[in-house]
Amino acid sequence: MAVSAATLDFASQAFGTQSASKTITITNSGSGVLNISSITVGGTQSGAFIANHLCTYVTVGGTCVVSVGVKPLEAGAHSASLSINSDGGTQAVTEKSISSAEPLQN
């Protein structure tokens, strides 16, 4: 399993509004179907981030896209991790850093 981005950084976003999405692409570079058991956002500020995907498996040589956005609900920069759990051998859990700058006041 290969994942396209090590980090996703978002600019300042107004309170209560969702940013444009950024994407991470999961590529199956293995010799069999890659089964995705879960894709989650974790950490103490994870509620500020939204991850959308339809990834349950990725065929050999195939890809799947995860879209991530931020919707800040409090002051301060936010950070979390995106975990991709799969049966992809030694990379069964891949964590990616996601963060946003100080939210803008409405």
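See the structure shown above.
Calculation rules
Residues numbered from 1 in each chain as written. Predicted model: local features only at pLDDT ≥ 70, side-chain atom pairs only at ≥ 80, totals over all residues. Heavy atoms only, no water. Phe/Tyr/Trp six-rings, centres within 6.5 Å; stacked < 30°, edge-to-face > 60°. Helix = DSSP H or I, 4+ residues; strand = E, 2+ residues; numbered from the N terminus. Buried < 20%, exposed > 50% of the residue type's maximum accessible area, 1.4 Å probe, protein only. Lys NZ or Arg CZ within 6 Å of the ring centre and 35° of its normal. Contact = heavy atoms within 4.5 Å. Pairing = 2+ DSSP bridges. Core = buried A, V, L, I, M, F, W, Y, C linked by side-chain atoms within 4.5 Å.

Details of the packing of aromatic side chains
- This model, assessed by the stated rule, comprises one aromatic pair.
- Between Phe10 and Phe49, the ring centres sit 6.4 Å apart and the planes meet at 50 degrees, which makes this aromatic pair tilted. Of this pair, Phe10 sits in strand S2 (residues 7-10) while Phe49 sits in strand S5 (residues 49-52), placing them 39 residues apart in sequence. Taken individually, Phe10 and Phe49 each receive the classification buried, so the pair is uniform in this respect.
- When the ring centre of Phe10 is taken as origin, the NZ or CZ atom of Lys22, which lies over that ring, is 5.3 Å away.

Re the environment of Ser29
- Within the element layout of this structure, Ser29 appears in the loop between strand S3 (22-27) and strand S4 (34-42).
- Residue Ser29 is classed as exposed on the basis of its relative accessible area, which comes to 57%.
- For the pair Ser29 and Gly61, spaced 32 residues apart in sequence, the C-alpha to C-alpha distance is 5.6 Å.
- Discounting chain neighbours no more than four positions away, the residues touching Ser29 are Met1 and Ala2.

Quick word on the sheet that holds strand S1 (residues 2-3)
- Taken together, the four strands give an open sheet; going across it, the order is S1-S3-S7-S5, and neighbouring strands pair in antiparallel fashion. Edge strands, defined here as strands with exactly one partner in the open sheet, are S1 and S5.
- Bridging between S3 and strand S7 (residues 63-70) involves six bridges; their strand directions are antiparallel. By the bridge assignment, Ile26 is partnered in S7 with Cys64.

Regarding the nonpolar core
- If you look at the biggest cluster of nonpolar residues, it comprises 21 residues, and the most contacted ones within it are Ile26, Ile36, Ile39, Cys55, Val66 and Ile84.
- Listed by contribution, the elements that provide at least two residues to this core are S2, S3, S4, S7 and strand S8 (78-86).
- Examining the composition of this core, we find that four residues originate from one element, S7, more than from any other.
- Apart from residues lying up to four places away in sequence, Ile36 is in contact with Cys55, Thr56, Tyr57, Val58, Ile84, Asn85 and Ser86.

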